[in-house]
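Overview (structure and organization)
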Amino acid sequence: MRKEKWLVQGKKANFNELAEIYGISPIITRIIRNRDYVEKEEYQRYLYGGAKDLYDPFLMKDMESAVSIVMEKIR
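How each quantity is defined
- Residues numbered from 1 in each chain as written.
- Predicted model: local features only at pLDDT ≥ 70, side-chain atom pairs only at ≥ 80, totals over all residues.
- Heavy atoms only, no water.
- Phe/Tyr/Trp six-rings, centres within 6.5 Å; stacked < 30°, edge-to-face > 60°.
- Helix = DSSP H or I, 4+ residues; strand = E, 2+ residues; numbered from the N terminus.
- Buried < 20%, exposed > 50% of the residue type's maximum accessible area, 1.4 Å probe, protein only.

Focus on the packing of aromatic side chains
The geometry of an aromatic ring pair is captured by two quantities: the separation of the ring centres and the angle between the planes. Inspection of the entire model under this criterion finds 2 aromatic pairs. Relative to Y43, the ring of Y22 has its centre 5.9 Å away and its plane inclined at 10 degrees; by these criteria the two rings are stacked. Here the residue Y22 occupies a position in helix α1 (residues 15–22), and Y43 occupies one in helix α3 (residues 40–48), the gap between them amounting to 21 residues. The class of Y22 is buried, set by a relative accessible area of 10%.

As for unusual backbone geometry
The backbone phi angle of D36 is positive, close to 70 degrees, even though this residue is not glycine. Here D36 shows up in the loop between α2 (26–34) and α3. Unusually for a residue other than glycine, D62 sits at a positive phi of about 65 degrees. Relative to the helices and strands, D62 resides in the loop between α3 and α4 (63–74).

Honestly, it's all geometry; don't read function into it.
In structure tokens, the structure reads:
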């Protein structure tokens, strides 16, 4: 069995302040920051975004093929 090792990146931010602003744990703010979100608008979209904020799923590799397979299984 292969063990995976997870690392927390050392990106800088005021995690306690961000946690207080958004009412979340400083650990969650660190996770968001490690995803390269910096601006308050980016945190807002990450935490409270809706369907309009999602990427187009058809940008994923082989999505057309996946849709065809699912549609065939449904039929």
